[in-house]
Amino acid sequence: MKFGVIGAGQMGAGIAQVAAQAGFTVVLRDVEERFLQRGRSVIERSLAKLHEKGKLDATPEDVIGRVSFTTALEDFAACDVVVEAIVEDEAVKKALFADLGRIVQPSGILASNTSSIPITSLATASGRPERFIGMHFMNPVPLMALVEVIRGYATSDETAAFVVDAARRMGKTPLSCNDFPGFVSNRVLMPMINEAIQCVMEGVAEPEAIDGIMKLGMNHPMGPLTLADFIGLDTCLAIMEVLHRGLGDDKYRPSPLLRKMVQAGLLGRKSGRGFYTYGTA
């Protein structure tokens, strides 16, 4: 299988890695060479760790050898599947899929790793809605088992079956859901994170106490505020806005504190500071 990935950031690099580990021929694209080099470094470090732990069937060199790096969309023409993992912006994604719909072979399947944007809307922009689907991987991709498979309004049974099989070959557990705002994962997770942020704003408890209560009382491996910092507060805000707009219920209204922190550039780990302070931005 020839497997394309667009976006060499944390998610895209992880998707490319697990596809290469599955034996697929992988094309990884980003807009600049420096982003590709950073993505390659992420993959190499991850493969080295897996190799050290004896969790890699092939050598790291063999796996990375299956990945080609490019800045040209035309290199996706012969792909069987292309997964998009770029910025969480509907207009930008639509423009990309309009181009991919013209470039990728007619039999090729287009997929989005979006965490909340409507699959049906992106599918329409692609010009091949029956061969379009959501493949929402979890972060960090090499370690997390789930792939949320989201069918759009026109997604064919053949497309869904092909993608489910591909996910299984990548060592993932594909679970299917329909195209509603936030799908299942973020419709359940993000309101919990948002409510934890609201607790901080209202002075109910300090962040450390909130996280500790959820970890020790609910057996969560990571507290909601630590998780928000890990995801990125800007991403959390974007998803809450999609939920609020798409479902029309004020219970999904983003916390004013979340909005204020994003405006202040306090985005979590990626900026060096969110609800907690981190050593490096």
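It should be emphasised that the depicted structure is a prediction, and the values quoted were computed from it without experimental measurement. (Residues numbered from 1 in each chain as written. Predicted model: local features only at pLDDT ≥ 70, side-chain atom pairs only at ≥ 80, totals over all residues. Heavy atoms only, no water.)

**So, the UniProt feature "domain: 3-hydroxyacyl-CoA dehydrogenase C-terminal" (unreviewed entry) in the protein chain**
Item 1. If you check UniProt for "domain: 3-hydroxyacyl-CoA dehydrogenase C-terminal" (unreviewed entry), the listed places come out as residues 182–278 in our numbering.
Item 2. Strand forms 0% of residues 182–278 and helix 62%; the C-alpha atoms that close the span are 28 Å apart. (UniProt positions renumbered as here; feature names shortened; annotations may be inferred. Helix = DSSP H or I, 4+ residues; strand = E, 2+ residues; numbered from the N terminus.)

**Quick notes on the domain arrangement of the protein chain**
Think of interface size as the accessible area that goes away when the parts come together; that is how it is often given.
Item 1. Domain boundaries assigned for the protein chain yield domain 1 (2–178) and domain 2 (186–271).
Item 2. For domain 1 and domain 2, the distance between their C-alpha centres works out to 27 Å.
Item 3. Facing the 5 residues of domain 1 at the interface are 4 residues of domain 2.
Item 4. Of the roughly 480 Å² buried at the junction of domain 1 and domain 2 (both faces included), carbon and sulfur atoms supply 58%.
Item 5. Area buried by domain 1 at its contact with domain 2 is led by S115, S116 and N139, which between them contribute 60% of it.
Item 6. Between domain 1 and domain 2 we count 0 salt bridges in total.
Item 7. Our enumeration of links across domain 1 and domain 2 arrives at 1 residue pair in polar contact (both at pLDDT 80 or more). (Domains from an automatic or database assignment. Contact = heavy atoms within 4.5 Å. Buried area = accessible area lost by both parts, 1.4 Å probe. Salt bridge = Lys/Arg side-chain N within 4 Å of Asp/Glu carboxyl O. Polar contact = N/O pair within 3.5 Å; in protein donor to acceptor, adjacent residues only side chain to side chain.)

**Observations regarding unusual backbone geometry**
Item 1. That bond from N139 to P140 is cis: its omega, 0°, falls within 30 degrees of zero.
Item 2. Summarising the element assignment, P140 is placed in the loop between β6 (132–137) and β7 (146–151).
Item 3. Positive phi values are uncommon outside glycine, yet F183 reaches one of about 55°.
Item 4. Considering the arrangement of structural elements, one finds F183 in the loop between β8 (173–178) and α7 (185–201).
Item 5. Look at F183 and you get buried, because its relative accessible area is 3%.
Item 6. Backbone geometry at N219 places phi at a positive 60°, although glycine is not the residue there. (Buried < 20%, exposed > 50% of the residue type's maximum accessible area, 1.4 Å probe, protein only.)

**Here we look at the sheet that holds strand β3 (residues 67–70)**
Item 1. Read from one edge of the open sheet, 8 strands run β3-β2-β1-β4-β5-β6-β7-β8, paired in mixed fashion. Each edge of the open sheet is held by one strand with a lone partner, namely β3 and β8. Each adjacent strand pair in this sheet contributes to an overall mean axis angle of 25°, direction not counted.
Item 2. Bridging between strand β2 (residues 25–29) and β3 involves 4 bridges; their strand directions are parallel. Each residue of the ladder has a partner; that of V27, found in β3, is S68. (Pairing = 2+ DSSP bridges. Axes fitted to C-alpha atoms, helices over the stretch in contact; angles between N-to-C directions.)

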